[in-house]
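Single-letter residue listing:
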Amino acid sequence: MHTKTIEGLVGASTNVNLLNTPMRVFKEARRRGDTATMERAMEYAGDFSERAEKYQVKADEGMEEEAKEEKEKEKLEREKAIEKRREEKEKLEDRVGEGKDTKADSVEGRQETVKPDTVKEPVIYTKTGEVKPGEQSSNISVSV
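Let us look at the structure shown here. (Residues numbered from 1 in each chain as written. Predicted model: local features only at pLDDT ≥ 70, side-chain atom pairs only at ≥ 80, totals over all residues. Heavy atoms only, no water.)

1. With respect to the overall build of the chain
Next up, step 1: Along its length, the chain carries 3 helices and 2 strands.
Next up, step 2: Reading the helices (α) and strands (β) of the chain from amino to carboxyl end gives α-α-α-β-β.
Next up, step 3: Residues counted as buried form 13% of the 144 residues belonging to the chain.
Next up, step 4: Considering only intrachain contacts with a sequence separation of at least 6, the fraction spanning at least 24 residues in the chain is 57%.
Next up, step 5: Just so you have it, the chain exposes about 12800 Å², and 52% of that area is on carbon and sulfur atoms. (Helix = DSSP H or I, 4+ residues; strand = E, 2+ residues; numbered from the N terminus. Buried < 20%, exposed > 50% of the residue type's maximum accessible area, 1.4 Å probe, protein only. Contact = heavy atoms within 4.5 Å. Areas by Shrake-Rupley, 256 points an atom, 1.4 Å probe, with all protein chains shown as cover.)

Shown next as C-alpha cells:
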C-alpha cells in the first residue's frame with residue numbers, strides 16, 4: 001500500500017473516533033441546557049470532521065497514485081514479456097534456419113549419399129519362408 005493512502009486512512013479513522021467525544025459532550029450539554037458548552041463542543045466536532053475529510057481526500061489521492069503506478073508496472077511487465085517472446089522466436093528461427101543449410105537434413109542430400117552399386121536384387125520367399133534364389137527376369141509371380 002502507498003504511504004499516502006495509509007496515512008490518509010489512519011488519519012481519517014482517528015479523527016472520526018475523536019469526533020465521538022465532542023458529540024457526547026454536546027448531547028450532555030444539551031440535556032442540561034448549557035448552550036456555551038454546546039457551541040464549544042460543536043466547534044471541536046467541526047474541526048475533527050474537517051480533518052477527517054482532509055485525510056480522506058489524501059487517502060483517495062494515494063489510492064489513485066497507487067493505481068497509476070500499478071498500471072505502469074503491469075505495462076512494463078507486458079512489454080518485457082513481449083520482448084522475451086520475440087527473442088525466443090528469433091532464436092527458434094535461427095535454429096530452424098541453420099538446420100536448412102546442411103545437406104544431411106535435406107532430401108536431396110540423402111539421395112546423393114545413396115550409391116547405385118549397393119542396390120541389391122529383390123529377395124523372393126517361398127510358402128515355408130525359405131529364400132528362393134532371385135531370377136533374372138523382371139516378371140513378378142505370386143504363388144498361393
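2. With respect to the side chain of Thr5
Next up, step 1: The topology assignment puts Thr5 in helix H1 (residues 3–32).
Next up, step 2: Among residues more than four places away in sequence, those in contact with Thr5 are Ala59, Gly62, Met63 and Glu66.

3. So, a negative patch on the surface
Next up, step 1: A grouping of Glu87, Glu88, Glu90, Glu93, Asp94 and Glu98 is seen on the molecular surface, where their side chains present a negatively charged patch.
Next up, step 2: With respect to the secondary-structure elements, Glu87 resides in helix H2 (residues 35–101). (Patch = residues over 30% accessible without salt bridge, like charges linked within 9 Å, V, L, I, M, F, W, Y side chains within 5 Å. Salt bridge = Lys/Arg side-chain N within 4 Å of Asp/Glu carboxyl O. Lys, Arg positive; Asp, Glu negative; His and termini not counted. Charge placed at Lys NZ, Arg CZ, Asp CG, Glu CD.)

4. Here's the deal with a nonpolar patch on the surface
Next up, step 1: A cluster of nonpolar side chains, Met1, Ile6, Leu9 and Val10, forms an exposed patch at the surface whose accessible area comes to about 400 Å².
Next up, step 2: Here Met1 is to be found in the segment before H1.

5. Quick word on the side chain of Asn15
Next up, step 1: By the element assignment, Asn15 lies in helix H1.
Next up, step 2: A relative accessible area of 5% places Asn15 in the buried class.
Next up, step 3: Not counting chain neighbours up to four residues away, the residues in contact with Asn15 comprise Phe48, Arg51, Ala52 and Tyr55.

6. Details of H1
Next up, step 1: Taking 1.5 Å per residue, 30 residues should reach 44 Å; H1 reaches 44 Å between its end C-alpha atoms and fits that length.
Next up, step 2: Among all positions in H1, only Thr5, Gly8, Gly11, Ala12, Asn15, Pro22, Phe26 and Ala29 are buried.
Next up, step 3: Following H1 by one or two positions, Gly33 adopts a phi angle in the positive range, close to 85°. (Expected span 1.5 Å × (residues − 1).)

7. Some points on the pattern of salt bridges
Next up, step 1: Tallied over the entire structure, the rule returns 5 salt bridges.
Next up, step 2: Between Glu7 and Lys58 there is a salt bridge, and its shortest N-O distance comes to 2.7 Å. One end of the pair, Glu7, is in helix H1; the other, Lys58, is in helix H2, and 51 residues separate them in sequence.
Next up, step 3: Residue class for Glu7 comes out partly exposed when judged on its relative accessible area of 39%.
Next up, step 4: For Lys58, a relative accessible area of 26% corresponds to the partly exposed category.
Next up, step 5: Taking the shortest distance from any N to any O, the salt bridge between Arg86 and Glu83 comes out at 3.8 Å.

The quantities given are spatial measurements derived from coordinates; they are silent on function.
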